[in-house]
Amino acid sequence: MTWLILAILSAFFEAVKDVVSKHNLKANDEYVVTWSLTFFTAVFLTPLLFIIEIPPLNQQFWIALLIGASMNAVIALLYIKAIKLSDLSLAVPLVALTPLFMLLTSPLIVGEYPNFFDGIGVFLIVMGSYLLNIKEKSQGYLAPFKALLHQPGSKLMLLVAFLWSITTNFDKIGVQNSSPIFWVFALLTSMSVLLLPVLLHKTSNPKRQIIQYLPMLMAMGFFNALGVIFQMQALTLTLVVQVIALKRTSVLMGVLFGHFIFKEKDIQERFLGAAIMMGGVLFITL
């Protein structure tokens, strides 16, 4: 069961990346953190280019890269800002809504349609997101949902989940017309190039900040690169749905890290809500 270990390691390093990102946000703005995440991840993935075979690249690859990199650059900024404004244990579980939104976007982009299990998954994801803010129920039955829309970080993460439901389809096109590792490297490299002008415009003297906090910023990219590498290795050994379903356990790890490292509250409700959302994701992958 080597793939199982690799997939769990991928989830673990994904969660660790979120922790290090939130830690970096204490000393740096979201522009420094986001650019550093994309740039240093690409740097740590570069040695793999000497190992893998670089495939021939067609027009579909370049179109997917142009759209995917542009959108993911925006998404990366929104994601980092979301975990800056909200607790990890509240913001991170909302990425589980991506498969829910994909039931709407995938038929339009790649012609994939939902089935019976998808319907069960949608119900569980909605119920899990409700439980994330169940303490608000005393203010009305819809209050837990309204709370998500009133909290800045949660609103941004909801937007991230929706946008990911679109870019995931372009990721599929990119991988089909290249290879998993090369696509991720090309995507992150392009994102760092696109984010550089934003960094220089929004942040005063970013070079000083990056040099001052270089070890932690590099660590963020290192853990993200490890997560990607373990995920890609797992994909060579088993089905995609199995790997992705296990990788989503990073959400549960993120909730626990948020509680034990950042002392976030309401851990019982948020962990239960996140776990139910993960169950919904599992049904959608069946």
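Reading the values: rules and limits
- Residues numbered from 1 in each chain as written.
- Predicted model: local features only at pLDDT ≥ 70, side-chain atom pairs only at ≥ 80, totals over all residues.
- Heavy atoms only, no water.
- 1 Å grid on protein atoms, 1.4 Å probe; cavity = no way out; pocket = protein on both sides within 12 Å on 5 of 7 lines; lining within 4 Å.
- Points joined across faces, edges and corners; volume = space filled by probe spheres on them.
- Helix = DSSP H or I, 4+ residues; strand = E, 2+ residues; numbered from the N terminus.
- Nonpolar A, V, L, I, M, F, W, Y, C, P; charged D, E, K, R; others polar.
- Polar contact = N/O pair within 3.5 Å; in protein donor to acceptor, adjacent residues only side chain to side chain.
- Contact = heavy atoms within 4.5 Å.
- Core = buried A, V, L, I, M, F, W, Y, C linked by side-chain atoms within 4.5 Å.
- Buried < 20%, exposed > 50% of the residue type's maximum accessible area, 1.4 Å probe, protein only.
- Patch = residues over 30% accessible without salt bridge, like charges linked within 9 Å, V, L, I, M, F, W, Y side chains within 5 Å.
- Areas by Shrake-Rupley, 256 points an atom, 1.4 Å probe, with all protein chains shown as cover.
- Salt bridge = Lys/Arg side-chain N within 4 Å of Asp/Glu carboxyl O.

S.K.: Go over the layout of surface pockets, please, and point to the residues and values.
M.R.: If you add up the space inside the second largest pocket, you get close to 190 Å³. For the second largest pocket, the full set of lining residues is Leu48, Ile51, Ile52, Glu53, Ser179, Pro180, Ile181, Ile229, Met232, Gln233, Leu235 and Thr236. Mapped by element, the contributors of at least two residues to the lining of the second largest pocket are α9 (180–202) and α11 (214–235). It is α11 that provides the largest number of residues to the lining of the second largest pocket, a total of four residues. Its residues assigned to classes, the lining of the second largest pocket shows eight nonpolar, three polar and one charged.

S.K.: So, the side chain of Thr203: which residues are in play, and what are the values?
M.R.: As for its placement among the helices and strands, Thr203 is situated in the loop between α9 and α10 (206–212). A distance of 2.8 Å separates polar atoms of two side chains, one belonging to Thr203 and the other to Asp29. When sequence neighbours within four positions are dropped, the list of residues in contact with Thr203 reads Asp29, Tyr31, Val32 and Gln209.

S.K.: So, the nonpolar core: which residues are in play, and what are the values?
M.R.: Tyr79, Ile80, Ile83, Leu97, Met157 and Met278 are the most contacted members of the largest nonpolar core, which totals 48 residues. Per-element accounting of this core gives the leading share, eight residues, to helix α3 (residues 59–85). Ignoring any residue separated from it by four or fewer positions in sequence, one finds Met278 in contact with Ala96, Arg248, Thr249, Val251 and Leu252. Of all hydrophobic cores here, the second largest spans 21 residues; its members include Ala76, Ile181, Phe182 and Val184.

S.K.: Describe a nonpolar patch on the surface, and please don't skip the residues or the numbers.
M.R.: Among the surface-exposed residues, Leu256, Phe260, Ile261 and Phe271 lie close enough to one another that they form a single nonpolar patch of about 370 Å² accessible area. The leading source of residues in the nonpolar patch is helix α13 (residues 250–262), at three residues. Mapping Leu256 onto the fold places it in helix α13.

S.K.: How would you summarise the pattern of salt bridges if you had to cite specific residues and measurements?
M.R.: Applying the stated rule across the entire model yields five salt bridges. In this structure, the salt-bridge partner of Glu14 is Lys17, at a minimum N-O distance of 3.5 Å. Of this pair, Glu14 and Lys17 both sit in helix α1 (residues 2–24), three residues apart, which is roughly one turn of the helix. Like Lys17, Glu14 is buried.

S.K.: Account for unusual backbone geometry, naming residues and giving values.
M.R.: Glycine aside, a negative phi is what most residues show, and trans is what most peptide bonds show. One non-glycine residue, Asn205, adopts positive backbone phi at about 50 degrees. With respect to the secondary-structure elements, Asn205 resides in the loop between α9 and α10. Owing to a relative accessible area of 42%, Asn205 belongs among the partly exposed residues under this scheme. Unusually for a residue other than glycine, Lys263 sits at a positive phi of about 60 degrees.

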